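# Observations on the three-dimensional arrangement
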Amino acid sequence: TFSFTDPVVSMDLLRAVLQPSINEEIRAVFNKYMKFFQKAAINVRDNVGEEVDPEQLIQETCRSCLEQAKLLFSDGKKVVPRLPHEQVVPKRARQMDEELNRRGSPIPKKRKGRPPVQSLSNDRGVSGMAAWKLKVSEPVRRDGPKWDPSRLTETTTFVLGSRANKALGMGGTRGRLYIKHPHLFKYAADPQDKHWLAEQQHMRATGGKMAYLLIEEDIRDLAASDDYRDSVDLRLEELKPFVPPAWMTEKMQKHMETLRRGGEAPPPECPPE
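Residues numbered from 1 in each chain as written. Predicted model: local features only at pLDDT ≥ 70, side-chain atom pairs only at ≥ 80, totals over all residues. Heavy atoms only, no water.

## Section: the overall build of the protein chain
The condition that has to hold: Strands here are runs of E lasting at least two residues and helices are runs of H or I lasting at least four, both read from the DSSP assignment and numbered beginning at the N terminus. Exposure categories follow from relative accessible area, calculated using a 1.4 Å probe and restricted to protein chains: below 20% of the type maximum is buried, above 50% is exposed, and the middle band is partly exposed. Residues are treated as being in contact if the distance between any of their heavy atoms lies within 4.5 Å. Per-residue accessibility takes into account occlusion by the displayed protein chains alone, with areas from the Shrake-Rupley method and a 1.4 Å probe.
If you tally the helices and strands in the protein chain, you get 10 helices and 3 strands. In sequence order, the secondary structure elements of the protein chain are arranged as α-α-α-α-α-β-α-α-β-α-β-α-α. A burial count over the protein chain gives 25% of its 273 residues as buried. Long-range pairs, those at least 24 residues apart, make up 71% of the contacts in the protein chain between residues at least 6 apart in sequence. Accessible surface for the protein chain amounts to roughly 20,000 Å². Of this, 55% is attributable to carbon and sulfur atoms.

Written out as structure tokens, the structure reads:
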């Protein structure tokens, strides 16, 4: 039983009446900025790996925006926790600033100019990113017997990209396999393919989540190479290979032919959430 004389209940009733209109206006605000989120999410996918789901990143960012917007109505008691990169000033730095202000001493200004060259050259993150960009700029070769569509037959076995990552010891980093070995043939499953994969219990029904298929032979060839054969993280039992139906194999043949001719693969279709 609720008391309608309770101010909290009365205000919540008003909120419930206005909520649909508020939701529409909030959606309009997000639509205004959506192009920025979309470009950023596509950038992340291109830089990190094609297994990154841009739609999921956008949804998470929108939720984070709403959480941070709560600060506008904070009563000073409940504070929304901030992410590490949003911490404005470390506690120790604030204490030093307060001490300087009490003494009347001006805060030392930072010198203008470029940072020392050695600080950049010794920065592993910067050098690593530079090396990664150089690697990406190199053209991916799509020729030879491994890119011959005729090698895909009704008995060719495939593995999920996520399982191949685990089998080669890269399970902790999604998409790392595709960045390290861009020459590998991979096929992005469409909704029809994912439905079959889920029915056969090769993967969970994941809605809009992307799923890639790779040729088992290619992964086993990698595992036998100098880069992996002696790795303690090698787990080939994780592959769980399977033979897809003929109609799916035919789609993968066309996909391989398109890529071999220098064309671009169409973006995978994802069902609406």
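From this point, the discussion proceeds with the structure in view.
## Observations regarding the packing of helix 1 (residues 7-48) against helix 2 (residues 54-69)
Spelled out, the test is: A fitted line through C-alpha atoms represents every axis, and for helices the fit uses only the stretch in contact; the resulting angles, taken between N-to-C directions, go from 0 to 180 degrees. Note on angle classes: values under 35 degrees are labelled roughly parallel, values over 145 roughly antiparallel, values of 65 to 115 roughly perpendicular, and the remainder oblique. Each crossing gets its hand from how the near helix is turned against the far one by less than a right angle, where anticlockwise is left-handed and clockwise is right-handed.
One can describe the packing of helix 1 onto helix 2 by two numbers: an axis separation of 9 Å at closest approach and a directional angle of 135 degrees. The angle between helix 1 and helix 2 places the two elements in the oblique class. The way helix 1 lies across helix 2 gives a crossing that is right-handed. Only Pro54, Leu57, Ile58, Thr61, Cys62, Cys65 and Leu66 of helix 2 make contact with helix 1, whose side of the interface consists of Ile26, Phe30, Met34, Phe37, Gln38, Ala41, Ile42, Val44 and Arg45.

## Some thoughts on the pairing of strand 3 (residues 212-215)
Stated precisely, the cut-off is as follows: For two strands to be treated as a pair, DSSP must find no fewer than two bridges joining them.
The alternating pattern of strand 3 places Tyr212 and Leu214 and Leu213 and Ile215 on opposite faces, both of which are buried. In this structure, strand 1 (residues 158-160) lies alongside strand 3, joined through 3 bridges in antiparallel fashion. Pairing of Val159 across the sheet is with Leu214, part of strand 3. Bridge count between strand 2 (residues 186-188) and strand 3: 3 bridges; the pairing is antiparallel.

## Notes on the nonpolar core
To keep things clear, this is the line we draw: For this analysis, a nonpolar core means a set of buried residues of the types Ala, Val, Leu, Ile, Met, Phe, Trp, Tyr and Cys, connected via side-chain atoms within 4.5 Å.
One finds Leu152, Phe158, Phe185, Leu197, Leu213, Phe242 and Met252 to be the most contacted residues of the largest nonpolar core, which totals 18 residues. For this core, the secondary-structure elements that each account for two or more residues are strand 1, helix 8 (191-199), strand 3 and helix 10 (246-260). At 4 residues, the largest contribution of residues to this core is made by helix 10. Apart from residues lying up to four places away in sequence, Phe185 is in contact with Trp147, Leu152, Leu213, Leu214, Ile215, Asp218, Met252, His255 and Met256.

## Comments concerning the environment of Leu239
When you line up the elements, Leu239 lands in the loop between helix 9 (216-223) and helix 10. Separated by 23 residues in the primary sequence, Leu239 and Glu216 have C-alpha atoms spaced 7.8 Å apart. Excluding anything up to four places from it in sequence, Leu239 contacts Val159, Arg163, Ala164, Ala167, Glu216, Ile219 and Arg220.

## Brief notes about a nonpolar patch on the surface
To keep things clear, this is the line we draw: Distance thresholds for patches are 9 Å for like charges and 5 Å for nonpolar side chains (Val, Leu, Ile, Met, Phe, Trp, Tyr), applied to residues having over 30% relative accessible area and no salt bridge. Here, a salt bridge means any Lys or Arg side-chain nitrogen found within 4 Å of an Asp or Glu carboxyl oxygen.
Judged by side-chain polarity, Met11, Leu14, Val17, Leu18, Ile22, Ile26 and Leu66 come together as a nonpolar surface patch covering roughly 620 Å² of accessible area. In terms of residue count, the dominant contributor to the nonpolar patch is helix 1 (6 residues). Tracing the backbone shows Ile22 in helix 1.

## Observations concerning the environment of Ile26
Summarising the element assignment, Ile26 is placed in helix 1. The exposure class of Ile26 is partly exposed, given its relative accessible area of 34%. For the pair Ile26 and Leu66, spaced 40 residues apart in sequence, the C-alpha to C-alpha distance is 9.5 Å.

## Observations concerning helix 10
Operational definition: Here the expected length of a helix is defined as 1.5 Å per residue gap, with one fewer gap than residues.
Between its first and last C-alpha, helix 10 extends 21 Å over 15 residues, near the 21 Å set by a 1.5 Å rise per residue. Listed in full, the buried residues belonging to helix 10 are Met248, Thr249, Met252, His255, Met256, Glu257 and Leu259. Looking at the packing, one finds that the buried side of helix 10 touches strand 1, strand 2, helix 8 and strand 3. After helix 10 finishes, the residue Gly262 shows a positive phi value of roughly 95 degrees.

## What to know about the packing of aromatic side chains
To keep things clear, this is the line we draw: Ring pairs shown here join Phe, Tyr and Trp side chains whose ring centres sit within 6.5 Å, with only the six-membered ring taken for Trp; geometry is labelled stacked below 30 degrees between planes, edge-to-face above 60, and tilted in between.
Across all of its chains, the model carries 4 aromatic pairs by this definition. Ring centres of Tyr178 and Tyr212 lie 5.4 Å apart, and the angle between their planes is 55 degrees; this geometry places the pair in the tilted category. Of this pair, Tyr178 sits in helix 7 (residues 176-180) while Tyr212 sits in strand 3, placing them 34 residues apart in sequence. Measuring from ring centre to ring centre gives 6.2 Å for Trp196 and Phe242, while their planes differ by 45 degrees; the resulting arrangement is tilted. Highlighted residues: Trp196 in helix 8 and Phe242 in the loop between helix 9 and helix 10, separated in sequence by 46 residues. A single burial state applies to Trp196 and to Phe242, both of which are buried.

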